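Overview (structure and organization)
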Amino acid sequence: MQIEEAVAQVVQDVIQLHQRIADADVDEGDVWFKNLFCRILTAALQDFEHVRITQPVNFIAMSRRNLLELEMITRYVLASERGAVKVKHDLLIDAKEFWEACSKHMKASHKQLLAGYEESANAAEGSMKQIWDEAFRIESERGPQTAECDAEADACRAVLSEEGVGEKEKPITPTSMAGELKRSEDFNPMFKLCSKLMHRTSLSVASTQGTGNLDAIIPTLKNSAVGDLLSVFSQIKQYVELNGVSVPGKR
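Residues numbered from 1 in each chain as written. Predicted model: local features only at pLDDT ≥ 70, side-chain atom pairs only at ≥ 80, totals over all residues. Heavy atoms only, no water.

1. Comments concerning helix 2 (residues 31-52)
The first and last C-alpha atoms of helix 2 sit 32 Å apart over 22 residues, in line with the 32 Å expected at 1.5 Å per residue. Listed as buried for helix 2 are Trp-32, Phe-33, Lys-34, Leu-36, Phe-37, Cys-38, Ile-40, Leu-41, Ala-44, Asp-47, Phe-48 and Val-51. Elements in contact with the buried residues of helix 2: helix 1 (2-23), helix 3 (57-79), helix 4 (81-123) and helix 10 (218-243). (Helix = DSSP H or I, 4+ residues; strand = E, 2+ residues; numbered from the N terminus. Expected span 1.5 Å × (residues − 1). Buried < 20%, exposed > 50% of the residue type's maximum accessible area, 1.4 Å probe, protein only. Contact = heavy atoms within 4.5 Å.)

See the structure below:
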């Protein structure tokens, strides 16, 4: 019971820190950094809650890995101005890649739709053939509706260009962050463990039957999650107390 009370207090401390940062007055140039703090804390609370609730081990592992990655992102952001700005840019790069992928998917699925209409028309007779032919004609003229996705991707590219970020730059992964910060020995084992549980590896397939079930790892995932939430909280709290809500290197 005492442990549960302590965990509940940690959650409340994170919520209070989030509110403190959200209410802070900052220079215009630091607004993005303030928002980044708030988003990291919000995401950490969400992932921690998902780890703590009862659900299949692969879902717990996914949230547990998310929390592990957030802990490393926090370290990377606070290590230097370069790291903080890199994560800021990665948000735009991620968004650009997301909208690009949406557009590509819509184009690919539209081709599949037309192929399905054509196949159905070829197999049909009489009035049904006319219906399928008309559907094929209408959808061919309509084309894939990618305008909104393309516009969002273009907007991201424009901002990235203004920031001096190259078109081919990719987001840095938490695994690479851990390498740069010399934290791979701490990061990699839990990352590997969670990855094996999240994806349909041979291990996770074998564990779907009673023999070799992996639920025994759940307490380890849940207990270790507390440490990462505490780390995210303490790192940000200590930084704010020393530097306020300003980008590393400004003070």
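2. Here we look at the packing of aromatic side chains
This structure, assessed with the given rule, holds 7 aromatic pairs. Where Phe-33 meets Tyr-239, the ring centres are 6.0 Å apart and the plane angle is 65 degrees; that geometry is what we call edge-to-face. Residue Phe-33 is found in helix 2, and its partner Tyr-239 is found in helix 10; the two are separated by 206 residues along the sequence. Its relative accessible area of 10% is what places Tyr-239 among the buried residues. Aromatic ring contacts, followed pair by pair, group Trp-32, Phe-33, Phe-37 and Tyr-239 into a single cluster. (Phe/Tyr/Trp six-rings, centres within 6.5 Å; stacked < 30°, edge-to-face > 60°.)

3. Notes on the environment of Thr-146
Thr-146 gets classed as buried once you look at its relative accessible area, which sits at 8%. Separated by 64 residues in sequence, Thr-146 and Arg-82 place their C-alpha atoms 35 Å apart. Apart from the residues lying within four places of it in its own chain, the contact partners of Thr-146 are Ser-103, Met-106 and Lys-107.

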